[in-house]
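Observations on the three-dimensional arrangement
This is what each chain is made of:
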Amino acid sequence: MLNHKLEKLEEILKDMQTVVIAFSGGVDSTFLLKVALDTLGRENVLAVTADSETYPLEELQEAKQLAAQLDARHEVIETSELNIPGYSENTANRCYFCKKSLFEHLIPIMKEQGYKNIAFGLIADDLGEHRPGTKAAREYNVRGPLQEADLYKNEIRELSQQMGLRTWDKPSFACLSSRITYGEEITIEKLRRIDKSEQVVRSTGIRQVRVRTHGEIARIEVEPQDMPVLLQHHSEITAKLQEFGYTYVTMDLSGYKSGSMNKTLQQAVKQ
């Protein structure tokens with residue numbers, strides 16, 4: 001079954017012929033880039049990484065290293081989500097504005113350099129979640145080959161491991177804005193505070209972490225097995241995060257969950 005899905009992905013890419021890939025250096029886009037290179041050849045694939053306020057510097061550095069390791073043609077472009085009208089207000093469709101801007105940056109690159117398609121790391125798991133960015137993809141005819149091949153995250157990790165990609169067990173990543181509760185304004189100061197706070201938690205050896213921000217409250221999400229580590233270092237973590245500007249520092253007993261901020265949207269719908 002898994003090999004069948006990989007073959008389907010290869011067929012999709014062959015049909016696309018040439019492609020610009022929105023490359024973040026995460027599990028999904030790295031796998032997509034690897035398969036595209038193997039299927040289409042280096043000359044027919046271009047990886048583009050958008051460097052912005054919501055993208056941590058260490059992620060940018062890793063994206064550059066991964067592209068070099070895969071011998072991919074790679075460009076880094078400068079973007080700014082905070083300058084996008086409607087983005088900083090942090091409404092439920094925030095991700096639509098972000099993806100719309102990204103694709104508007106990629107389309108000229110595609111046309112100027114003679115590529116036929118743009119692709120991004122949409123996967124099968126995403127279809128059951130709140131993903132406004134998929135609307136922008138439809139509007140700009142941007143493809144999600146992994147989703148089209150019905151590939152799920154756990155399958156992508158398994159195939160990545162088989163291919164020797166170091167990202168196979170990399171923690172899931174989302175832009176820093178996803179840590180800020182909907183309706184609360186996104187600012188550069190908040191994004192930097194979140195980035196520094198998550199670096200503090202990761203310095204303890206914890207890999208998967210989200211520092212969710214609710215005003216002056218930091219709600220830390222880690223995997224249940226990492227909770228004892230968080231508690232062991234609670235004093236220094238609390239001191240650092242309060243130094244960064246949080247008044248209260250808490251641990252979410254539910255543990256890490258991708259897209260947990262979407263619970264507030266679900267509750268609003270029920271009401």
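In this numbering scheme, every chain counts its residues from 1 along its sequence in written order. For this predicted model, a pLDDT threshold of at least 70 governs which residues receive local features, and a threshold of 80 or more governs which side-chain atom pairs are given and counted, while totals over whole chains, interfaces and linings are taken from all residues. Derived side-chain values reflect all non-hydrogen atoms in the structure, with water molecules and hydrogen atoms excluded from consideration.

This part is about unusual backbone geometry. Phi at Q17 is positive, roughly 70°, even though this residue is not glycine. Only protein chains enter the accessibility calculation, which uses a 1.4 Å probe. A residue is then buried if its area is under 20% of the maximum for its type, exposed if over 50%, and partly exposed in between. By relative accessible area, which is 39% here, Q17 ends up partly exposed. Notably, D71 is not glycine yet its phi reads approximately 60°, a positive angle. By secondary structure assignment, the location of D71 is in the loop between helix 3 (57-69) and strand 3 (73-78). When its relative accessible area of 47% is taken as the criterion, D71 is described as partly exposed. Note on conventions: DSSP H or I runs of at least 4 residues are helices, E runs of at least 2 residues are strands, and numbering of each starts at the N terminus.

As for its placement among the helices and strands, E59 is situated in helix 3. Residue E59 is classed as buried on the basis of its relative accessible area, which comes to 10%. Whether two residues touch is decided by their heavy atoms; if any such pair falls within 4.5 Å, the residues are in contact. For E59, the residues in contact, after removing those within four places along its chain, are S24, K170 and F173.

With that out of the way, let us pick up the UniProt feature "domain: NAD/GMP synthase" (unreviewed entry) in the protein. The sites that UniProt annotates as "domain: NAD/GMP synthase" (unreviewed entry) are residues 15-80. End C-alpha atoms of residues 15-80 are separated by 33 Å, and the span's content is 44% helix alongside 26% strand. UniProt positions are given in the numbering used here, feature names are shortened, and annotations may be inferred rather than shown by experiment.

It is worth spelling out the environment of P56 at this point. Structurally, P56 can be placed in the loop between strand 2 (45-51) and helix 3. Here P56 is in contact with F173, L176 and D195, once residues within four sequence places are set aside.

In this section: the sheet that holds strand 2. Here a strand pair is declared whenever DSSP counts at least two bridges between the two strands. One open sheet holds the 4 strands; their spatial order is 3-2-1-4, and the pairing between them is parallel. Every interior strand has two partners, whereas the edge strands, strand 3 and strand 4 (117-119), have only one. Within this sheet the neighbouring strands show an average axis-to-axis angle of 25°, counted without direction. Bridge count between strand 2 and strand 3: 6 bridges; the pairing is parallel. Bridge pairing in strand 3 links L46 to R73. Contacts between helix 3 and the sheet are confined to strand 2 and strand 3, with strand 3 contributing the most and set at about 160° to the helix. The angle between two axes is taken between their N-to-C directions and runs from 0 to 180 degrees, where each axis is a line fitted to C-alpha atoms and a helix contributes only its stretch in contact.

Further remarks concern the packing of helix 1 (residues 2-16) against helix 2 (residues 27-40). One can describe the packing of helix 1 onto helix 2 by two numbers: an axis separation of 10 Å at closest approach and a directional angle of 65°. With respect to each other, helix 1 and helix 2 are oriented roughly perpendicular. The handedness of the crossing between helix 1 and helix 2 is right-handed. Taken together, the residues of helix 2 that come into contact with helix 1 (itself represented by L6, L9, E10, L13 and K14) are F31, L32, V35, A36, T39 and L40. Partitioning the contact of helix 1 with helix 2 into residue classes produces 8 nonpolar, 1 polar and 2 charged. An angle below 35 degrees is treated as roughly parallel, one above 145 as roughly antiparallel, one from 65 to 115 as roughly perpendicular, and anything else as oblique. Definitions for this section: a left-handed crossing has its near helix turned counterclockwise from the far helix by less than a right angle. A right-handed crossing has that turn clockwise. Residue polarity follows a fixed list, in which Ala, Val, Leu, Ile, Met, Phe, Trp, Tyr, Cys and Pro are nonpolar, Asp, Glu, Lys and Arg are charged, and the others, Gly among them, are polar.

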